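Residue strings, one per chain:
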Amino acid sequence: MKLNVHSLAGLLFCVGAVVAGSAAADELADVSTAFRWLGRNDRVVIEAYDDPKVTGVTCYVSRARTGGVKGTVGFAEDKAEASIACRQVAPAVQFNGKLPLQEDVFTERMSILFKRLHVVRVVDVKRNTLVYLTYSDKLIDGSPMNAVTAVPVAASTPIPVK
C-alpha cells in the first residue's frame with residue numbers, strides 16, 4: 001500500500017483524535033526495567049487518576065511502557081498488563097450526580113491505533129461499594145489481562161445510582 005501526503009495527514013488526524021480522548025493522568029513515578037541504547041528505557045509507570053464523578057476517590061495504575069526509539073516517539077505497543085488500587089483520599093466521598101451501575105471512567109491508548117487501557121467503575125449497591133476494573137481492549141490468548149479493586153463507601157452515604 002502506498003501512502004500519499006493526504007493519506008498520511010488523514011492517518012495523523014485519526015491518531016490525534018484517539019490521543020485527544022485519553023484520560024488525564026498524573027504520572028507519579030517510573031522505574032526503569034530494561035536498558036535501551038536509543039530512546040528511553042523500558043519502564044513501569046505509576047499514574048494517578050481522580051474519578052471525575054466521585055470526589056475523594058483516586059485510582060493508582062501501574063503499567064509497562066515500552067522504550068526505545070518507537071516508545072520515545074509514541075509508536076511502540078505497550079504490554080496489556082496493568083495493576084490498579086483505588087482509594088478514598090479525602091475525609092468524605094462526594095458524588096457529582098447519579099452514577100450508572102457500570103461506566104468506563106478512564107481510557108488511555110497503549111498503542112498507536114488499536115489497544116487502549118480502560119478503567120471501569122461498577123457500583124455494588126448491596127454493599128455500598130465502588131468496584132474498579134482495569135483491562136486492555138486487545139485480547140491476549142483469548143482473555144484480556146485485568147485487575148480489580150474496591151472502595152467501600154460509608155453506610156451513611158448511599159451511592160446515588162441512575
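Residues numbered from 1 in each chain as written. Predicted model: local features only at pLDDT ≥ 70, side-chain atom pairs only at ≥ 80, totals over all residues. Heavy atoms only, no water.

Caption draft 1: Geometry of the overall build of the chain. Check the secondary structure of the chain and you find two helices and 10 strands. Ordered by position from N to C terminus, the α and β elements of the chain give α-β-β-β-β-α-β-β-β-β-β-β. A total of 162 residues make up the chain; the buried ones form 34% of that total. Intrachain contacts of the chain at a sequence separation of at least 6 include 51% that bridge at least 24 residues. With an accessible surface of roughly 9700 Å², the chain has 60% of that area assigned to carbon and sulfur atoms. (Helix = DSSP H or I, 4+ residues; strand = E, 2+ residues; numbered from the N terminus. Buried < 20%, exposed > 50% of the residue type's maximum accessible area, 1.4 Å probe, protein only. Contact = heavy atoms within 4.5 Å. Areas by Shrake-Rupley, 256 points an atom, 1.4 Å probe, with all protein chains shown as cover.)

Caption draft 2: Local environment of the nonpolar core. Grouped together as the largest cluster of nonpolar side chains are 21 residues, with contacts concentrated most on Val54, Ile84, Phe95, Leu130 and Tyr132. Secondary structure elements with two or more residues in this core: strand 4 (57-65), strand 5 (82-88), strand 7 (102-109), strand 8 (116-124), strand 9 (129-136) and strand 10 (146-152). Those residues within four positions of Ile84 in sequence are excluded, and the remaining contacts are Cys59, Tyr60, Val61, Val119, Tyr132, Thr134, Ala147, Val148 and Thr149. (Core = buried A, V, L, I, M, F, W, Y, C linked by side-chain atoms within 4.5 Å.)

Caption draft 3: Region of the structure containing a nonpolar patch on the surface. Among the surface-exposed residues, Leu28, Ile46, Tyr60 and Val89 lie close enough to one another that they form a single nonpolar patch of about 330 Å² accessible area. With respect to the helices and strands, the residue Ile46 is situated in strand 2 (residues 42-50). (Patch = residues over 30% accessible without salt bridge, like charges linked within 9 Å, V, L, I, M, F, W, Y side chains within 5 Å. Salt bridge = Lys/Arg side-chain N within 4 Å of Asp/Glu carboxyl O.)

Caption draft 4: Structural detail: the side chain of His118. Topologically, His118 is positioned in strand 8. The buried category is assigned to His118, whose relative accessible area is 9%. At a separation of 2.8 Å, a polar atom in the side chain of His118 contacts the side chain of Asp104. Not counting residues up to four positions away in its chain, the partners in contact with His118 are Asp104, Phe106, Thr107, Leu133, Thr134, Tyr135 and Asp137. (Polar contact = N/O pair within 3.5 Å; in protein donor to acceptor, adjacent residues only side chain to side chain.)

Caption draft 5: Up close: the environment of Thr129. Position of Thr129 relative to the elements: it lies in strand 9. Residue Thr129 is classed as buried on the basis of its relative accessible area of 11%. Once the C-alpha coordinates of Thr129 and Ala154 are considered, the two residues, 25 residues apart in sequence, prove to be 8.6 Å apart. The residues contacting Thr129, other than those within four sequence positions of it, are Val122, Val123, Asp124, Ala150, Val151, Pro152, Val153 and Ile159. A distance of 2.9 Å separates the side chain of Thr129 from the backbone oxygen of Arg127, its partner in a polar contact.

Caption draft 6: Quick peek at the pattern of salt bridges. Counting across every chain of the model gives four salt bridges. Close ionic contact of Arg121 with Asp51 constitutes a salt bridge, the shortest N to O distance being 2.8 Å. Taken as a pair, Arg121 in strand 8 and Asp51 in the loop between strand 2 and strand 3 (54-55) lie far apart in primary sequence, 70 residues in all. In this structure Asp51 comes out as buried when scored by relative accessible area, which is 4%. Its salt-bridge partner being Glu103, residue Arg121 comes within 2.9 Å of it at the nearest N-O pair. Taken together, the residues span a long stretch of sequence, with Arg121 in strand 8 and Glu103 in strand 7 at a distance of 18 residues. When its relative accessible area of 0% is taken as the criterion, Arg121 is described as buried. The exposure class of Glu103 is buried, given its relative accessible area of 17%.

Caption draft 7: Focus on the confidence of the model for the chain. On average, the chain scores 76 in pLDDT, and the residues at 70 or more come to 64%. This model gives residues 1-22 a pLDDT under 50, and the stretch forms 13 contacts once residues within four places in sequence are excluded. (pLDDT = per-residue confidence, 0-100.)

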